[in-house]
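# Structural overview for review
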Amino acid sequence: MGDVLAGFHAAWEFESDSVLIRYERGIRTPKLFQALGERRIPLEAIEGVTLTPGRRGTVVLRIEPRPGADPLMEAAAGQLKESSDPYRLVLPAERETLAEYYADELRALLTESGPSERHLVAPPGTPRQFKAYDGKASFDGTSVSFRWFWTGASSAKWKAGDQRFPVGELSGVEWRSPEVFEGHLRLLHRDAGASPAQADQDPAAVVFGLGYGPVHESLPFAAAVLAAVRTCEPVPAVAAAPRRDPADIAERIRHLGELHQAGLVTDEEFSSKKAELLAEL
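Below or above, wherever it landed, is the structure these notes cover. (Residues numbered from 1 in each chain as written. Predicted model: local features only at pLDDT ≥ 70, side-chain atom pairs only at ≥ 80, totals over all residues. Heavy atoms only, no water.)

## Observations regarding the packing of aromatic side chains
Defined as follows: Two aromatic rings from Phe, Tyr or Trp, using only the six-membered ring of Trp, form a pair when their centres are within 6.5 Å; if the ring planes differ by under 30 degrees the pair is stacked, by over 60 it is edge-to-face, and anything between is tilted. Runs of H or I in DSSP of at least four residues are treated as helices and runs of E of at least two as strands, each being numbered from the N terminus. Only protein chains enter the area calculation, which uses a 1.4 Å probe; residues under 20% of their type maximum are buried, those over 50% are exposed, and those in between are partly exposed.
Across all of its chains, the model carries 10 aromatic pairs by this definition. Considering the side-chain rings of F130 and F208, the 6.0 Å spacing of their centres and the 65° angle between planes classify their relative orientation as edge-to-face. Linking F130 in strand 8 (residues 128–131) with F208 in the loop between strand 14 (205–207) and helix 5 (215–231), this pair joins segments that are 78 residues apart in sequence. You can call F130 buried: its relative accessible area is 3%.

This is the structure in structure tokens:
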């Protein structure tokens, strides 16, 4: 088709094998859309198109992606608010006839339906990082790192130390929106047992809070990790961690001492963890 249909916050360009969605930048545009920039949705990733009445004199044209075709929607697991759905194009009601035309044209090109065995929509790019309430999460395309904040991390996470997870050791990602109670990002291990029930006690998870881990930062992060996990072969062993900054080690030993003095860490745990930190120098 090659035509462009512009709506509020986005414009769709209809091509012979895909729909290119370009999101606007602006104070009224959802931050998730701005973070995504643009996305190309292959026709094989689409199983349907709907056109429904919207609010306040608008209509909504929506692409229905196949389950499993988009790592972003798979990671979101139905938790996105309607206003942040990247597959919705909101248009003035007077453009309903035009929207119906494009919907019919697009439907005529669709040939696939049902769950997809692989991701068909490109994931958010890497590297990525964001600040959670209890630590900083980083992803370089091959491994995820959690570096704990002494002001927010639990004693359980301080005892475990900063974490690094090669994607080959992971089976998936669990994302809980920061817009609901107890939001978090948890990494799921291929061979590990049950994770602690509380994310704030799990060294494989970071927790969200007011201003920490917002949707537009943490969801693309989760989607990028999930896509890498799906395409990565399992690895037999954990890669060696890089050597640490001596000043950072000293700061962590100091905080460990504070936990020890407060009775949150036993003598044995203090001695053992201090030895581990010194061994990283």
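## Thoughts on the packing of helix 6 (residues 246–261) against helix 7 (residues 267–279)
The following threshold applies: Axis definition: a line fitted to C-alpha atoms, over the contacting stretch in the case of helices. Angles run 0 to 180 degrees between N-to-C directions. Throughout this description, any angle smaller than 35 degrees is read as roughly parallel, any larger than 145 degrees as roughly antiparallel, any in the 65 to 115 degree range as roughly perpendicular, and the remainder as oblique. Only heavy atoms matter for contacts: two residues are in contact if any of them lie within 4.5 Å across the pair. Nonpolar residues are Ala, Val, Leu, Ile, Met, Phe, Trp, Tyr, Cys and Pro. Charged residues are Asp, Glu, Lys and Arg, and all others, Gly as well, are polar.
Taken N-terminus to C-terminus, the directions of helix 6 and helix 7 make an angle of 180°; their axes are 10 Å apart at the nearest point. In terms of axis orientation, helix 6 runs roughly antiparallel to helix 7. When helix 6 is examined against helix 7, the residues I249, R252, I253, L256, G257 and H260 are found in contact with a partner set consisting of D267, F270, K273, K274, L277 and L278. Counted by class, the contact of helix 6 with helix 7 contains six nonpolar, two polar and four charged residues.

## Topic: helix 7
Under the convention used in this document: Multiplying 1.5 Å by the residue count of a helix minus one yields the expected span of that helix. It is the directions from the helix axis to the C-beta atoms whose arc is reported.
Between its first and last C-alpha atoms helix 7 spans 18 Å; for 13 residues at 1.5 Å apiece the expected length is 18 Å, and the two agree. When helix 7 is considered as a whole, its buried residues turn out to be F270, K273 and L277. Buried residues of helix 7, viewed axially, fall in a sector of 80°; they line one side. Residues of helix 7 that are exposed and angled more than 90 degrees away from the buried face: D267, E268 and A279. Its buried side turned inward, helix 7 meets helix 4 (155–160) and helix 6.

Shape descriptors only; they carry no functional weight alone.
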